[in-house]
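So the chains spell out like this:
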Amino acid sequence: MPRLRQQILAFGTLLLALSGAAQACQICVPFPKDSAADHLLAARTVVLARENPDKPFSYTPTEILKGKVSSEVDLFLDSSTRRMLAAYPERSVVLVELPEGEKSQWRRIGTSNAEVETVLRNVLESGAVWKKEPSSRVDFFASLLGHDDPQLRTLAHLEVGRAPYAKIRQLGDVLTREEICSFLKNYRYAEWHPLYILLLAQSPEAEDRETIAKAFRSAARFGTTDRLAAWTTAWIEVGG
């Protein structure tokens, strides 16, 4: 019976993995979700903004990165963001104006610092290239995995995690073995572990292959489903 369970799990996950070869991998990000980069590229207008000195608790653009501002930014500036802007004069808020039919709606997608600003400018400049070469978009964000800035770390994880499985298999060297293992030990990010498990499966180290095999055998033995698709796919990888 345990052997049959293993075969069923392996077959089902193999089908899942193969289905991700030509479209978004469903192992790491099972539900479609727009990223901040999606919002930047889809927006009519992108601005860096701070509090309007003439109208408290409202925004005024300090720099337009895309499109044009034809009317007042209709978005409330909350108290915590207001305090942050007051404490850090060098920072700003990234706002996008997204189309909704004939109308549009302003949305906050992050807080800008020097590193974030560099990335969002690159995103805006690279949109046309990424349409022609989708894999280059994954490569760009893969370089940000494990970034110190939580906004960039989250963005990179979402972008890479929804990449085709065949592409994820090529990214085994974007993080060191130590970085991958350290992340897998951090259960605060348990929902992110599937991507890192798939990256671990590209490791040539016998110790990592044994770690994956043990995790899979444990899941089969105890009937656990936590991150099961990722562990099973990794088990198929290391077992050939």
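Look up: the structure comes first, before these words.
What you see is a predicted model, and the numbers here were worked out from it, not measured in a lab.

K.L.:
Teacher, can you tell me more about the overall build of the chain here?
P.N.:
Within the chain one finds eleven helices and four strands. Residues counted as buried form 42% of the 240 residues belonging to the chain. The contacts of the chain with a sequence gap of at least 6 include a subset with a gap of at least 24, amounting to 60%. Accessible surface, the chain as shown: approximately 13,500 Å² in total, 52% of it carbon and sulfur.

K.L.:
I'm lost on the nonpolar core in this one. Help?
P.N.:
Counting 50 residues, the largest nonpolar core has Phe141, Leu145, Ile168, Leu195, Tyr196 and Leu199 as its most contacted members. Look past the residues within four positions of Ile168 in its chain and what remains in contact with it is Cys25, Cys28, Val160, Gly161, Ala163, Leu195, Leu198 and Leu199. Judged by nonpolar contacts, the second largest core, of ten residues, contains Val47, Tyr59, Val73 and Leu95.

K.L.:
Would you mind going over the packing of aromatic side chains with me for this structure?
P.N.:
Within a pair of aromatic rings, the relevant descriptors are the distance that separates the centres and the angle that separates the planes. Considering all chains together, one arrives at nine aromatic pairs under this definition. When the centroid spacing of 5.5 Å and the interplanar angle of 55° are considered together, the rings of Trp130 and Phe141 count as tilted. Of the two residues, Trp130 is situated in helix α4 (residues 114-132) and Phe141 in helix α5 (residues 134-142); the sequence distance between them amounts to eleven residues. Aromatic side chains Phe140 and Phe141 sit 5.0 Å apart centroid to centroid with 85° between the ring planes, which places their arrangement in the edge-to-face category. Put simply, the rings of Phe183, Tyr189, Trp192 and Tyr196 touch in pairs and so form one group of aromatic residues.

K.L.:
Even after reading the chapter, I still don't get the packing of α4 against α5, so can you show me in this structure?
P.N.:
In helix packing, the relevant descriptors are the interaxial angle and the interaxial distance, both defined with respect to the helix axes. At a minimum axis separation of 7 Å, α4 and α5 run at an interaxial angle of 155°. One way to sum up the angle between α4 and α5 is to call them roughly antiparallel. Seen from α4, the contacting residues are Val119, Asn122, Val123, Val129, Trp130, Lys131 and Lys132; seen from α5, they are Pro134, Ser136, Arg137, Phe140 and Phe141. Classifying every residue of the contact of α4 with α5 gives seven nonpolar, two polar and three charged.

K.L.:
Please clarify how the sheet that holds strand β1 (residues 45-51) should be interpreted in this entry.
P.N.:
Note: strands within a sheet are paired through backbone hydrogen bonds, in either parallel or antiparallel orientation. Strand order in the open sheet formed by four strands is β2-β1-β3-β4, with antiparallel pairing between adjacent strands. Two strands bound the open sheet, and with one partner strand each, they are β2 (59-66) and β4 (103-112). For this sheet the average axis-to-axis angle between neighbouring strands, irrespective of direction, equals 30°. Direction of pairing for β1 relative to β2: antiparallel, over a ladder of six bridges.

K.L.:
What am I meant to see in the pattern of salt bridges here?
P.N.:
A side chain of one charge can pair with a side chain of the opposite charge when the charged atoms of the two come close. Taken as a whole, this structure holds 15 salt bridges when the rule is applied. With a shortest N-O distance of 2.8 Å, Arg137 and Asp38 are connected by a salt bridge. Residue Arg137 is found in helix α5, and its partner Asp38 is found in helix α2 (residues 36-42); the two are separated by 99 residues along the sequence. Taking the relative accessible area as the measure of exposure, Asp38 reaches 18% and is therefore buried. Arg162 is the salt-bridge partner of Asp38, the closest N and O atoms lying 2.8 Å from each other.

K.L.:
Please clarify how the packing of α5 against helix α6 (residues 150-161) should be interpreted in this entry.
P.N.:
Contact geometry of α5 with α6 gives a least axis separation of 8 Å together with a crossing angle of 145°. Crossing handedness for the pair α5 and α6: left-handed. In this structure, α5 uses Arg137, Val138, Phe141 and Ala142 to contact α6, whose residues at the interface are Leu155, Ala156, Glu159 and Val160. Its residues assigned to classes, the contact of α5 with α6 shows six nonpolar, no polar and two charged.

K.L.:
Would you mind going over helix α11 (residues 228-239) with me for this structure?
P.N.:
What sets the pattern is the α-helix's 3.6 residues per turn: residues three or four places apart point alike. End to end, α11 covers 16 Å across twelve residues, agreeing with the expected 16 Å (1.5 Å per residue, within 8%). When α11 is considered as a whole, its buried residues turn out to be Leu228, Ala230, Trp231, Thr232, Thr233 and Ala234.

K.L.:
Explain the environment of Ala163 to me, please; I cannot follow it from the model alone.
P.N.:
Following the sequence through the fold, Ala163 ends up in the loop between α6 and α7 (165-168). On the basis of relative accessible area, Ala163 is assigned to the buried category, the value being 3%. Along the primary structure Ala163 and Gln26 are separated by 137 residues, whereas in three dimensions their C-alpha atoms are 8.9 Å apart.

Rules behind the numbers
Residues numbered from 1 in each chain as written. Predicted model: local features only at pLDDT ≥ 70, side-chain atom pairs only at ≥ 80, totals over all residues. Heavy atoms only, no water. Helix = DSSP H or I, 4+ residues; strand = E, 2+ residues; numbered from the N terminus. Buried < 20%, exposed > 50% of the residue type's maximum accessible area, 1.4 Å probe, protein only. Contact = heavy atoms within 4.5 Å. Areas by Shrake-Rupley, 256 points an atom, 1.4 Å probe, with all protein chains shown as cover. Core = buried A, V, L, I, M, F, W, Y, C linked by side-chain atoms within 4.5 Å. Phe/Tyr/Trp six-rings, centres within 6.5 Å; stacked < 30°, edge-to-face > 60°. Axes fitted to C-alpha atoms, helices over the stretch in contact; angles between N-to-C directions. Parallel < 35°, antiparallel > 145°, perpendicular 65-115°, else oblique. Nonpolar A, V, L, I, M, F, W, Y, C, P; charged D, E, K, R; others polar. Pairing = 2+ DSSP bridges. Salt bridge = Lys/Arg side-chain N within 4 Å of Asp/Glu carboxyl O. Left-handed = near helix turned anticlockwise from the far one by under 90°. Expected span 1.5 Å × (residues − 1).

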